[in-house]
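# Examination of the molecular architecture
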Amino acid sequence: MEQVATTSRGRPREFDPAQALAAALQVFWRRGYEGASISELTEAMGITRPSLYACFGNKEALFRQALDLYETEKLCYVKTALEAPTARGVAERLLRGSLAIQCSDSEPQGCLGVMSTIAGVTEADCIRDEVLKRRASSNAALLARFCQAQEEGDLPDGIEPDALACYLSTVMQGMAVQASGGASRDTLEKLVQTTLAMWPGR
């Protein structure tokens, strides 16, 4: 395990950057970018303010690294979802993967990316832009998969891949907002079931 030595009031201190970043992710996930203070972050990470800056850069850089970790660990189901043999299978894997993350008993409710774009960001437009850029990349991958489904005859005539991708993304973002607002797993499960029941194609 990589150790980073820091100094606090003359005493050497060691911490694991991976564990510290994981702790920072939890704070950002619960509080949002602006809601997470440096003091709250350093306390959760178990490090000093100078150590945070020395190891991770500033708060913005730390948040970007937390986003990377979130995508790698929490959104790993997305790649598997896009590999489903049908468009409906893609939708089901994405919806159920999203449901599992948003209703986890051990994680904050809602989606980090969604929460970071609907919260107040008057002083952090660069963060909002970063989140939106990442979302655009994910949406492009989903659109490409639905275009493939259309070419394979997996979608009925008259169904536009871009509209379908936008619809599914909107449902998932709505689930995240509801989860952060305290919606029960049962409520969100019914939303998933309804979406799949209305899905065009096989």
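Residues numbered from 1 in each chain as written. Predicted model: local features only at pLDDT ≥ 70, side-chain atom pairs only at ≥ 80, totals over all residues. Heavy atoms only, no water.

### What about the overall build of the protein chain?
Rules: For helices the rule is a DSSP run of H or I covering at least 4 residues; for strands it is a run of E covering at least 2, with both sets numbered from the N terminus onward. Under the scheme applied here, a residue whose accessible area is under 20% of the maximum for its type counts as buried, over 50% as exposed, and between as partly exposed, the area being computed with a 1.4 Å probe on protein chains only. We call two residues contacting when some pair of their heavy atoms lies within 4.5 Å.
When you go through the protein chain residue by residue, the secondary structure sums to 10 helices and two strands. In the protein chain, the succession of helices and strands from N to C terminus is β-β-α-α-α-α-α-α-α-α-α-α. Looking at the protein chain as a whole, 44% of its 202 residues qualify as buried. Of the contacts made within the protein chain by residues no fewer than 6 positions apart, 62% connect residues no fewer than 24 positions apart.

### Some words on the side chain of Glu 189
Where we set the bar: Here a polar contact is taken to be a pair of N or O atoms separated by no more than 3.5 Å, where protein atoms must pair a possible hydrogen donor with a possible acceptor and residues adjacent in sequence count only if both atoms sit in side chains.
Within the secondary structure, Glu 189 sits in helix α10 (residues 185-197). Among the polar contacts listed, one links the side chain of Glu 189 to the side chain of Arg 96, at a separation of 2.8 Å.

### Topic: the confidence of the model for the protein chain
Any region with low pLDDT has predicted coordinates that should not be read closely. Convention followed: One confidence number per residue, pLDDT, is output by the predictor and ranges from 0 to 100.
Of all residues in the protein chain, 89% have pLDDT values of 70 or greater, and the mean over the chain is 86. Low pLDDT (under 50) marks residues 1-12, which in the prediction has 19 contacts with non-local residues, meaning those over four places away or in another chain.

### Some thoughts on the layout of surface pockets
The following threshold applies: Think of a 1 Å grid over just the protein atoms. A cavity is a set of points where a 1.4 Å probe fits yet cannot get out, a pocket is an open set with protein on both sides within 12 Å along at least five of seven lines, and lining residues have an atom within 4 Å of a point. Grid points are joined across faces, edges and corners, and a volume is the space filled by probe spheres set on the points. Ten residues, namely Ala, Val, Leu, Ile, Met, Phe, Trp, Tyr, Cys and Pro, are considered nonpolar, four, namely Asp, Glu, Lys and Arg, are considered charged, and the remaining ones, Gly among them, are considered polar.
Of the pockets and cavities examined, the largest pocket occupies roughly 640 Å³. Lining the largest pocket are 26 residues, with Leu 75, Val 78, Cys 111, Arg 135 and Ser 138 sitting closest to its centre. When residues of the lining of the largest pocket are traced back to their parent elements, those giving at least two are α4 (59-74), α5 (77-82), α6 (87-102), α7 (112-118), α8 (125-151) and α9 (161-180). Counting residues per element, the lining of the largest pocket draws most heavily on α8, at eight residues. Counted by class, the lining of the largest pocket contains 15 nonpolar, eight polar and three charged residues.

### Here we look at helix α3 (residues 49-56)
Keep this limit in mind: Summarising the geometry, the arc corresponds to the directions from the helix axis toward the C-beta atoms.
Turning to α3, its buried residues number three or more, namely Ser 51, Leu 52 and Phe 56. Along α3, the residues classed as buried sweep out an arc of 105 degrees about the axis, all on the same side. In α3, the exposed positions that point more than 90 degrees away from the buried face belong to Pro 50 and Ala 54. Of the residues trailing α3, Gly 57 is marked for its positive phi of about 90 degrees.

### Quick word on the packing of α6 against α9
The condition is simple: To obtain each axis, a line is fitted to C-alpha atoms, and for helices this fit is confined to the stretch in contact; angles are then taken between N-to-C directions over 0 to 180 degrees. If an angle is under 35 degrees, it is roughly parallel; if it is over 145, roughly antiparallel; if it lies from 65 to 115, roughly perpendicular; otherwise it is oblique. Each crossing is labelled by how the near helix is turned from the far one, with a counterclockwise turn of less than a right angle marking it left-handed and a clockwise turn marking it right-handed.
α9 packs onto α6 with a crossing angle of 15 degrees between their chain directions and a minimal axis gap of 10 Å. Comparing their axes, α9 and α6 come out roughly parallel. As for how α6 packs across α9, the hand of that crossing is right-handed. Along the contact surface, α6 presents Ala 91, Leu 94, Leu 95, Ser 98, Leu 99 and Gln 102, while α9 presents Leu 168, Val 171, Met 172, Met 175, Ala 176 and Ala 179.

### Details of the environment of Ala 100
In this fold, Ala 100 is placed in helix α6. As for Ala 100 and Arg 185, which are separated by 85 residues in sequence, their C-alpha atoms are 9.0 Å apart.

### With respect to the pattern of salt bridges
For clarity, the cut-off: A side-chain nitrogen of Lys or Arg and a carboxyl oxygen of Asp or Glu constitute a salt bridge if their distance falls within 4 Å.
Tallied over the entire structure, the rule returns 12 salt bridges. Residue Arg 88 pairs with Glu 92 through a salt bridge whose shortest N-O separation is 3.5 Å. Here Arg 88 and its partner Glu 92 are both found in helix α6, four residues apart, which amounts to about one turn of the helix. A network of salt bridges, in which partner residues are shared, links Glu 60, Arg 64, Asp 68, Glu 71, Glu 130, Lys 133 and Arg 134.

### Thoughts on the packing of α9 against α10
Closest axis-to-axis distance for the α9/α10 pair is 10 Å, and the angle between their directions is 170 degrees. Judged by the angle between their axes, α9 and α10 are roughly antiparallel. Residues Tyr 167, Val 171, Met 175, Gln 178 and Ala 179 of α9 pack against Thr 187, Leu 188, Leu 191, Val 192 and Thr 195 of α10. For the contact of α9 with α10, the residue count by class is seven nonpolar, three polar and no charged.

### Looking at the nonpolar core
Definition in use: Buried Ala, Val, Leu, Ile, Met, Phe, Trp, Tyr and Cys residues that are joined via side-chain atoms within 4.5 Å together make up what is termed a nonpolar core.
With 55 residues, the main nonpolar core has Phe 28, Leu 41, Met 45, Leu 62, Phe 146 and Leu 168 as its most contacted residues. Residue contributions to this core peak at nine residues, all from helix α1 (residues 17-35). When near neighbours in sequence (up to four residues on either side) are disregarded, Phe 146 contacts Ala 87, Val 90, Leu 155, Pro 161, Leu 164, Ala 165, Leu 168 and Trp 199.

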